[in-house]
Amino acid sequence: MKEGQVRIPAGCAISGIIDKKGNRFNGTDIVKSIALMHERSNGLGGGFAGYGIYPQYKDFFALHIFYDNNQIKAKTEEFLNEHFEIESAGNIPTRKVPSIKDKPLIWRYFVLPRIYKVRNLNMDEDEFTARCVIRINKEFGGAYVFSSGKNMGAFKGVGYPEDIGDFYMLENYEGYIWTAHGRFPTNTPGWWGGAHPFTMLDWSIVHNGEISSYDANRRFVEMYGYNCSLQTDTEVITYLLDLLVRKHKLPMEKALQVLVAPFWKDIENENSKKAKELKALRTVYSSALINGPFSILIGYEDGLIALNDRIKLRSMVSATKGSKVYFASEESAIRVICPEPENIYHPKGGEPVIVKLEAKQ
Amino acid sequence: MSLNLVSERFEVLRDQNKCIQCQVCVKQCSNEVHIYDKEDNVVLSDNSKCVCCHRCVAMCPTKAIKIIKNRLEFKENANWTGEAIDEIYKQAQTGGMLLSSMGNPKPFPIYWDKILLNASQVTNPSIDPLREPMETKVMIGRKPDKIEYDKNGNITTKIPPQIELNMPIMFSAMSYGSISKNAHEALARAAEKLGILYNTGEGGLHKDFYKYGKNTTVQVASGRFGVHLDYLNAGAAIEIKIGQGAKPGIGGHLPGIKVGPDVSATRMIPEGSDAISPAPHHDIYSIEDLRQLILSLKESTNYTKPVFVKIAAVHNVSAIASGIARAGADAIVIDGFRGGTGAAPTRVRDNVGIPIELALACVDQRLRDEGIRNHISVICAGSIRNSADIVKAIALGADAVYIASAALIAMGCHMCQSCSTGKCNWGIATQNPELVKRLNPDIAYERLINLLTAWNNEIKEMLGGMGINAIDSLRGNRLMLRGIGLNSKELEILGIKHAGE
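Across its full length, chain A holds eleven helices and 18 strands. Over its C-alpha trace chain A gives a radius of gyration of 19 Å, about what one expects of a compact globule, namely 21 Å for 361 residues. C-alpha atoms of chain A, sized along the principal axes, occupy 60 × 50 × 40 Å. Within chain A, the proportion of its 361 residues that are buried is 55%. Taking contacts inside chain A between residues at least 6 apart in sequence as the whole, the part at least 24 apart equals 75%.

The structure is reproduced here in structure tokens:
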């Protein structure tokens, strides 16, 4: 049994670091932070996302793919060749870690969509790439694209997160945003694709919680051409964000007000212009409200966002130090890499914390 | 005239030791079941007239009366039941169509009772509505596909008119004529107090009730009774009634006996005339005609009010619903075959249409498959009996539900299914002034508020149990449902898994 065949709730630990000035740093700290919360995972999934890690290929989509075997790899590469110009392809380097077993073939491709294909379909490169990724994940059994953004990448697998970090040698990558996830699924899928983060183009999401609105969200987002094949919370949250921000072009702040809509009584207390706006958002996008306990970290090209459910049923702490901002499920996971933070803040339920790169502002 | 062969359906049992011959039952029974024999100082019964409405039972000061099923047996026969035989006797005697009231009473499957709800345990916490906010407000109306902003951060998208309901429940259409003025007053006032809507039905709006317009849906049916510009503008929403679950394919029936001076004035028809609505709207012979009526009603009311279209749940309901969404309706009401009525031909009521649960599930799925679910609100009607039915309806995909039979029961209805006689002893489905005044609108209003407040609290409790704190997150959330004792086809249509899966 793996994700997609059954819906598996999971508890978790998450951690994230961003340098607002865009200074890059290697993956050592993020591994150390998530390792401290070892008890919040159970060895059945761990993963990381880094932004700014491929400066030499920053204009190419970086596809990270798990293959079960060489046959499906050949078949998938045929599809890739047909749709993309492949600038570079190769194994993602890993080192042997005793606890990491049954690893799939892990490949990486830097690609650009074939222009005539994109033009024929009358869509932009992002949409084209997203559709190809969804198609591979849906139709190519045994192949799974787990990362597809530009100048960013996800690294994940079955194991404790610190072992996964070691396995992928994250000390060799430098990024300006890092997020991490340690997983505590409630049964034993043991499938690498099921680990977090979940990504889609530049979006990456790590999530702690179990959303009770899942099927309402899924059936809403699937009306717009998405296919929730993994049946996981992160997958549906990513698609909701992609729909609201990339397709419907809502400003990020507004999109977050859709996902964790203010309570009606709070909307009524706003001034009439604001109340009217919030009411319109909630009326039109009521099916995109995410309900149930969650804390999530959303990485995207402009920065890092932390978000809690409306009544804060999952822990989330933030802290700053210099140009860096830290988030974690537990304060200790921040202090282990930043012993003297400048301020510690507990975001309220439903209060998004958006940290944008200064260069992008 | 030939001998009346129809057997009595009920027996009135009177405990003569308890009876004090006070004759309250004699005065209370509009069907004239109870007769006082002065000579012997005893109260007797004519069982043949009893409809089992329990008025005498409730009013008897010494609790001397019981009504039971007639113990008279026909020879046992699984095919020719007593009911089947009696119905033939009736028709052989009168030559008429059989007439019935209230919803389909036959033992068809009730899917609500074969669906179970979920609750949170450990992996996510249940939410306590006594200690945390819990939202049951819903917005009924057409939603745009997306919201757009201009450069200054102002919304440029125009939001079509929405009805804001404090809970996902409205009172369904019951015309003035089929029910009494006091019943209408209670419904209108309760709707106002609760922050929901009641519905005029197809009988127009009594002049005294225009003041409740903000909480009123005005109905336009094929008979167009009482429809004029002020009427359309009086309500918060307009409903085009194409069909009704109790009698799909035919129009409304109001027997002339119920058409007194007030009903006559409100409906704009002569006193004492039968008000038989045409089976179709004579300006709607196709879906494009419906679009024109929707637009004329919107034009008449300056595009300020949502237009609902109500249809009976029939075999092809999902395709019809898709057409209605594309015709520009703001909400579709789907009325299942157990929905009530003041009067319907028995054969139609008991044999035409499909269960609301299946209709609702396939309509919601069809609208989603076509990517137009957000274009229209879906209102589920046709025998919602309690708050659990509502939670299940919303999880299957409804935005809100209509209740009518339940509201009547709250006001005192005992489901004797004899509304069409106009002799309702509870003052609800009658226009006889002596009977109407038995229904105190102040008390009926309070009972309606009590019922819906209790249901809303129950909905919140069940939502919290599922780890949900806004009803928005329940709508269409079919993972919260499991079937029990259903076959795979039924599960497939309902779009739910079986318990244990």
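Moving on, there is more to tell.
Our next topic: the sheet that holds strand 4 (residues 61–67) of chain A. Paired through their backbone hydrogen bonds, the strands of a sheet run either parallel or antiparallel. Residues and elements named next belong to chain A. What the four strands build is an open sheet, ordered 5-6-4-7; its pairing is antiparallel. Where the open sheet ends on each side, the last strands, each with one partner, are strand 5 (84–91) and strand 7 (143–147). Geometrically, the sheet is characterised by an average inter-axis angle of 30 degrees between neighbouring strands, direction not taken into account. Sheet topology places strand 4 next to strand 7; four bridges connect them, and they run antiparallel. Looking across to strand 7, one finds that Ile 65 is bridged to Val 145. Contacts from helix 4 (residues 125–139) reach strand 4, strand 6 (105–113) and strand 7, with the element oriented near 140 degrees to strand 7.

Residues and elements named next belong to chain A. With respect to the helices, strands and loops of the structure, Tyr 57 is situated in the loop between strand 3 (46–51) and strand 4. Taking the C-beta count within 10 Å as the criterion, Tyr 57 has 16 such neighbours and is therefore assigned partly exposed. Taking the C-alpha atoms as reference points, Tyr 57 and Glu 87, 30 residues apart in sequence, are found 8.9 Å from one another. Not counting chain neighbours up to four residues away, the residues in contact with Tyr 57 comprise Ala 62, Glu 87 and Phe 110.

A word on helix 6 (residues 214–221) of chain A. With eight of eight residues buried, helix 6 of chain A lies mostly within the body of the structure. Taken as a whole, helix 6 of chain A has its buried residues at Tyr214(A), Asp215(A), Ala216(A), Asn217(A), Arg218(A), Arg219(A), Phe220(A) and Val221(A). Elements in contact with the buried residues of helix 6 of chain A: helix 7 (233–247) of chain A together with helix 10 (356–369) of chain B.

What follows deals with the domain arrangement of chain B. All names here are of chain B. In terms of domains, chain B is made up of domain 1 (10–96) and domain 2 (161–457). Put simply, the middle of domain 1 and the middle of domain 2, counted by C-alpha atoms, are 33 Å apart. Across the side of domain 1 that touches domain 2, the residue classes tally to four nonpolar, four polar and one charged.

The subject of this paragraph is unusual backbone geometry. With an omega dihedral of 5 degrees, the bond running from His196(A) to Pro197(A) counts as a cis peptide bond. Even without glycine at this site, Lys63(B) takes up a positive phi of about 55 degrees. The topology assignment puts Lys63(B) in the loop between helix 2 (55–59) and strand 4 (65–69). Look at Arg224(B): it is not a glycine, yet its phi comes out positive at around 55 degrees.

Residue and element names in this part refer to chain B. Orientation of helix 4 (residues 181–194) relative to helix 14 (residues 441–465), taken along the N-to-C sense of each, is 45 degrees, at an axis distance of 8 Å. Comparing the axis directions of helix 4 and helix 14 gives the class oblique. At the point where helix 4 passes helix 14, the crossing takes the right-handed sense. Of helix 14, the residues touching helix 4 (which contributes Asn 182, Ala 183, Glu 185, Ala 186, Leu 187, Arg 189, Ala 190, Lys 193 and Leu 194) are Pro 441, Ala 444, Tyr 445, Leu 448, Ile 449 and Leu 452.

Calculation rules
- Residues numbered from 1 in each chain as written.
- Chains lettered and ligands numbered in written order.
- Predicted model: local features only at pLDDT ≥ 70, side-chain atom pairs only at ≥ 80, totals over all residues.
- Helix = DSSP H or I, 4+ residues; strand = E, 2+ residues; numbered from the N terminus.
- Rg over C-alpha atoms; globule rule 2.2 N^0.38 Å.
- Buried ≥ 20, exposed ≤ 12 C-beta atoms within 10 Å, placed from the backbone.
- Contact = placed C-beta atoms within 7 Å.
- Pairing = 2+ DSSP bridges.
- Axes fitted to C-alpha atoms, helices over the stretch in contact; angles between N-to-C directions.
- Domains from an automatic or database assignment.
- Nonpolar A, V, L, I, M, F, W, Y, C, P; charged D, E, K, R; others polar.
- Parallel < 35°, antiparallel > 145°, perpendicular 65-115°, else oblique.
- Left-handed = near helix turned anticlockwise from the far one by under 90°.

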